[in-house]
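# Chain and residue survey
Read off the chains here:
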Amino acid sequence: MTTLAKPTASPAPGPIARLGLAWQGISPRERRLVLAAGVVVLVGLVVSLLDWSRSERGRLARSLPRAEAQLELVQEAATELTRLRGQTAPQRAAGPALLEAAQASAKSRGLGLALQASGDGLQIKGQASLDAFVDWLAALQRDQGLRVQRLEIQGQSGGASIDAVLVKNDG
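For clarity, every value in this text was computed on a predicted model and none was experimentally measured. (Residues numbered from 1 in each chain as written. Predicted model: local features only at pLDDT ≥ 70, side-chain atom pairs only at ≥ 80, totals over all residues. Heavy atoms only, no water.)

## Section: the pairing of strand E4 (residues 159–168)
Both strand E2 (residues 121–128) and E4 contribute to a ladder of eight bridges, which runs antiparallel. From the neighbouring strand, Lys125 faces E4, where its bridge partner is Asp163. Pairing between strand E3 (residues 146–156) and E4: ten bridges, direction antiparallel. Residue Leu146 lies in a different strand from E4, and its bridge partner there is Lys168. Between E3 and E4, which pair antiparallel and follow one another directly, the connecting turn spans two residues, one of which, Gly158, has a positive phi of 80°. (Pairing = 2+ DSSP bridges. Helix = DSSP H or I, 4+ residues; strand = E, 2+ residues; numbered from the N terminus.)

Okay, structure coming up:
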């Protein structure tokens, strides 16, 4: 049995070995120049890093108070949200009780309005100050869940003629 010997090729030198060979191939004067250039580049990198670090520290010092104020607002909102979630929804009147509640509310605000129950809401007619009427509508929406379905307002001296239909809010 014959064995064939394979020719062995020497492996190519790696990058570190090539750099070592190149370093050995230059004169001592060139070695000093390369070292000096390396030191200059290293000092430049350190100075650049220090400058970047200083500018980032200043930017963060300026933005930290804003971030803390935003955090405080978010924490207050979260506390308020937790408090509101713990509350039960107010009981809203329906039918004749809704009509009575709306009439009492209109009377307490001095609105000269005639209210009638109509289906799942109210029909409103009369004379009133526009500002007081709008405030009253907002209170009815908030307290009784009523929204405007139809509204006609005609301006008159000292007030407005109002014809409106309010219905229970589905949402």
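Now that the structure has been shown, we can carry on.
## A look at the environment of Asn169
Of note, Asn169 is situated in the segment after E4. Judged by its relative accessible area of 33%, Asn169 is partly exposed. Between the C-alpha atom of Asn169 and that of Gln149, which follows or precedes it by 20 residues, the distance is 9.8 Å. Beyond its immediate stretch of four places on either side in the chain, Asn169 contacts Gln141, Gly145, Leu146 and Arg147. (Buried < 20%, exposed > 50% of the residue type's maximum accessible area, 1.4 Å probe, protein only. Contact = heavy atoms within 4.5 Å.)

## What to know about helix H2 (residues 28–86)
Taking 1.5 Å per residue, 59 residues should reach 87 Å; H2 reaches 82 Å between its end C-alpha atoms and fits that length. In the structure, H2 departs most strongly from a straight axis at Ser63, where the bend amounts to approximately 35° and where the proline Pro65 lies between one and four residues downstream. (Expected span 1.5 Å × (residues − 1). Bend = angle between axes of the 7 residues up to and from the residue.)

## So, the pattern of salt bridges
If you walk through the whole model with that rule in mind, you get six salt bridges. Measuring nitrogen to oxygen at the nearest pair gives 2.5 Å for the salt bridge that ties Arg83 to Glu80. Here Arg83 pairs with Glu80, and both are found in helix H2, just three residues apart, close to one helical turn. Its salt-bridge partner being Glu152, residue Arg150 comes within 3.3 Å of it at the nearest N-O pair. Classification of Arg150 as partly exposed rests on a relative accessible area of 30%. Residue Glu152 is classed as partly exposed on the basis of its relative accessible area, which comes to 42%. Salt bridges here are not isolated pairs; linked through shared partners, they connect Arg150, Glu152 and Asp163. (Salt bridge = Lys/Arg side-chain N within 4 Å of Asp/Glu carboxyl O.)

## What to know about the UniProt feature "transmembrane region" (unreviewed entry) in the protein
Residues annotated by UniProt as "transmembrane region" (unreviewed entry) correspond here to residues 33–52. Here residues 33–52 runs as 100% helix and 0% strand, with 29 Å between its end C-alpha atoms. (UniProt positions renumbered as here; feature names shortened; annotations may be inferred.)

## Comments concerning the nonpolar core
Within the largest apolar cluster, 19 residues are counted, with the highest numbers of intra-cluster contacts made by Leu113, Leu115, Ile124, Phe133, Trp136 and Ile162. At the level of secondary structure, the elements contributing two or more residues to this core comprise helix H3 (96–108), strand E1 (112–118), E2, helix H4 (130–144) and E4. When neighbours within four sequence positions are excluded, Ile124 is seen to be in contact with Leu113, Ala114, Leu115, Phe133, Trp136, Ile162, Asp163, Ala164 and Leu166. (Core = buried A, V, L, I, M, F, W, Y, C linked by side-chain atoms within 4.5 Å.)

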